[in-house]
Amino acid sequence: MADALAKIPDVEIDPDGKFKYILLRVKVKDGDAHKDVVRGTKSAEYHNHIFEKVNPAMEALGMECKCLGGGKMEHNSQEKKIRVFGESTAYGKADHSVSVEKLKTVFTSYEITWSDDTK
C-alpha cells in the first residue's frame, strides 16, 4: 500500500491565478504510512469543495484523508512565482511552511513565499 501512497502526487494546483488551497494528510487505511499533499483550484468557491472532490478519489485508492488546514495561493507561471497566504474559515490556517516545502519539490525553479497576510 505504501506504493499506492507514493503514486499520489504531492501537489496538484491550477497553472495560474489566485485560488483557494488545502493541505491534506493522506494515510493508508488501517496503516501508519502517510504523506501530506497540497491541492488548489480556482473552481472551488470554498475550501471544502476541494476536500469533497479529493476525498472520494483517495478513498477509491484505499486511502483516508484529513484536511490539515487551508489558505490561498497566487500562482504566476510567467514570472515563476507562487505566494501562499491566508486561511480557511472551515479548516483553519494550513501550516504554510509545510505547503511551501511541498511546492518547492514540484516548482523547483520558482520563487515561492508565504505569509500570514489575509490578502
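The paragraphs below set out a description of the structure included in this document. (Residues numbered from 1 in each chain as written. Predicted model: local features only at pLDDT ≥ 70, side-chain atom pairs only at ≥ 80, totals over all residues. Heavy atoms only, no water.)

**A short note on the pattern of salt bridges**
Here is the rule: Counted as salt bridges are all cases of a side-chain nitrogen of Lys or Arg within 4 Å of a carboxyl oxygen of Asp or Glu. Numbering of helices and strands runs from the N terminus; a helix is a DSSP stretch of H or I covering at least four residues, while a strand is a stretch of E covering at least two. Any residue under 20% of the maximum accessible area for its type is buried, any over 50% is exposed, and the rest in between are partly exposed; the area is computed with a 1.4 Å probe on protein chains only.
The full count for this structure, using the stated rule, is 9 salt bridges. A salt bridge links lysine 102 to aspartate 10; its shortest N-O distance comes to 4.0 Å. Linking lysine 102 in helix α3 (residues 96-106) with aspartate 10 in the loop between α1 (2-7) and β1 (11-13), this pair joins segments that are 92 residues apart in sequence. Here lysine 102 falls in the buried class, since its relative accessible area comes to 19%. Across the salt bridge formed by aspartate 36 and arginine 25, the nearest N and O atoms sit 2.7 Å from each other. Residue aspartate 36 is found in strand β3 (residues 34-41), and its partner arginine 25 is found in strand β2 (residues 17-28); the two are separated by 11 residues along the sequence. Using a relative accessible area of 12% as the deciding quantity, one classes aspartate 36 as buried. For arginine 25, a relative accessible area of 32% puts it in the partly exposed group. Each member of the salt-bridge network shares a partner with another, and the members are Asp10, Lys35 and Lys102.

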